[in-house]
Amino acid sequence: MAAAVGRISASRLLKTNSSLAPFQVCSLSTAHSWTRGRKLLWTSIGVVAGGAGALFLALETSVKATDIELHPPKLPWDHKKILGGYDHRSVRRGWEVYKNVCAACHSMRYLCYRDLVGATHTEAEAKAEAEEQMIEDGPNDVGEMFKRPGKLSDHVPSPYPNEEAARAANGGAYPPDLSYIIPARHGGEDYVFHLLTGYHEPPAGVALREGLHYNPYFVGGAIGMAQALYSEIIEYEDGTPATQSQLAKDVTNFLAWAAFPELEERKQVGIKSIALLSILLFATLYLKRFRFSVMKTRKIQYNPPKKDV
Amino acid sequence: MGLAGTIYQTLFRRSSTAAITIVIGAYATERIIDEGSTLLWKNYNKGKLWDDIKHKYEK
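Residues numbered from 1 in each chain as written. Chains lettered and ligands numbered in written order. Predicted model: local features only at pLDDT ≥ 70, side-chain atom pairs only at ≥ 80, totals over all residues. Heavy atoms only, no water.

- In the nomenclature of an unreviewed UniProt entry, chain B corresponds to Complex III subunit 9 from the organism Bemisia tabaci.
- The heading Subcellular location (unreviewed entry) in the UniProt record of chain B holds the text "Mitochondrion inner membrane".
- The UniProt entry for chain B carries the following comment under Function (unreviewed entry): "Component of the ubiquinol-cytochrome c oxidoreductase, a multisubunit transmembrane complex that is part of the mitochondrial electron transport chain which drives oxidative phosphorylation. The complex plays an important role in the uptake of multiple carbon sources present in different host niches." (UniProt positions renumbered as here; feature names shortened; annotations may be inferred.)

- The name given to chain A in an unreviewed UniProt entry is Cytochrome c1, with the source organism recorded as Bemisia tabaci.

Have a look at this one:
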């Protein structure tokens, strides 16, 4: 028993004689006894199968060009770089765009005014933003709901009280909540940007129902939302020219920030982790060599029993 | 006696100095990595962070 364990665990691991290698490889393969013709047959079967698989894969990717939706091209977002954080100037302008344009139909019910503090606005500014809105609160002493100016702890108010009201006001199409819209759509930021800037006349042969608009980036092409962003539709407080693509970029940055406000902290922790773990990597490698030095320098000697005993 | 030997003789040979070295070394490593990575982050994202633009809005 002890001999068997020793044979499995120690002697095979410690074999360093390279002349043994061919024999070991030989014992793993069952093809060394095949005839030349049989080897040739299996080799050609393998090559043909591999080539057919590669060809299938190549054709498979090209098939996507006939999909009904248009895939948005990739754009160089600041926060998509490995070490990149949000462009907070753009996020601040994006809040302006959301507040003045998108908020007419879209809710952002998971965003609070306090989230703006220290990201896009100072505390005083965020309080002023909240106080612009009348928030329903209550019940009061006599059991009635009442309106009051918003506070920092309030969520951004929704334009419609419920989904049914939103559908009724928008021809049956529900304007989705924008709190987490970036991770909720394929293509993320690129999709939202191109959807906002991609409206144009329907191509010949495409008939749209009344109240729908043509947008190639939307699945199916017919979208209930009308084009919302036009150049100069609002005026930025910092004087940035409000072109359509600028508006779309800013609001997309804002929506990305709203969905992942922790991204910057996450990336900073990532930098620290990589720095610390790369020190620990060398410590671990050293410790491994140190511990294994006993095993690696061990020698096993086999003395065959003498015949005449 | 090389550098490693000198370090061993002066810092790690006695348990008392080894313990002090470990405590001071841990603190220094944490500070250097923390400050260094913050510096890297702020330099890479210069002009875009809230800290870089907040002076425009604070009174």
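## Quick notes on the environment of Leu229(A)
All names here are of chain A.
Thought 1: With respect to the element layout, Leu229 can be found in the loop between strand 4 (222–223) and helix 9 (244–259).
Thought 2: A residue is classified by how much of its surface remains accessible, and Leu229, at 1% relative accessible area, is buried.
Thought 3: Residues Leu229 and Pro203 lie 26 residues apart in sequence; the distance between their C-alpha atoms is 21 Å.
Thought 4: Here Leu229 is in contact with Val97, Val101, Leu196, Gln244, Leu247 and Ala248, once residues within four sequence places are set aside. (Helix = DSSP H or I, 4+ residues; strand = E, 2+ residues; numbered from the N terminus. Buried < 20%, exposed > 50% of the residue type's maximum accessible area, 1.4 Å probe, protein only. Contact = heavy atoms within 4.5 Å.)

## A few points about the packing of aromatic side chains
Residue and element names in this part refer to chain A.
Thought 1: Tallied over the entire structure, the rule returns 10 aromatic pairs over all chains.
Thought 2: Aromatic pair Trp95 and Phe254: ring centres 5.8 Å apart, planes at 55 degrees, arrangement tilted. Placement of the pair is Trp95 in helix 4 (residues 88–100) and Phe254 in helix 9, with a sequence separation of 159 residues.
Thought 3: On the accessibility criterion, Trp95 (2% relative accessible area) is buried.
Thought 4: Among the residues examined, Phe254 registers a relative accessible area of 0% and is labelled buried.
Thought 5: A ring pair is formed by Tyr286 and Phe290, whose centres lie 6.1 Å apart and whose planes are at 25 degrees; its orientation type is stacked. Here the residue Tyr286 and the residue Phe290 both occupy positions in helix 10 (residues 263–296), the gap between them amounting to four residues, near one helical turn.
Thought 6: Looking at Arg38, its charged tip hangs above the ring of Trp34, at a distance of 4.4 Å from the centre.
Thought 7: We note Lys288 situated over the ring of Phe292; from NZ or CZ to the ring centre the distance is 4.6 Å. (Phe/Tyr/Trp six-rings, centres within 6.5 Å; stacked < 30°, edge-to-face > 60°. Lys NZ or Arg CZ within 6 Å of the ring centre and 35° of its normal.)

## Concerning the interface of chain A and chain B
Thought 1: Listed as interface residues are 25 residues of chain A and, on the opposing side, 16 residues of chain B.
Thought 2: Both sides of the chain A and chain B interface together cover about 1800 Å² of buried area, and 68% of this is carbon and sulfur.
Thought 3: Contact with chain B buries surface across chain A, with Leu83(A), Arg89(A) and Lys272(A) losing the most and accounting together for 28% of the total.
Thought 4: The interface formed by chain A and chain B contains two salt bridges.
Thought 5: The residue Asp34(B) makes a salt bridge to Lys272(A) at a minimum N-O spacing of 2.9 Å. (Buried area = accessible area lost by both parts, 1.4 Å probe. Salt bridge = Lys/Arg side-chain N within 4 Å of Asp/Glu carboxyl O.)

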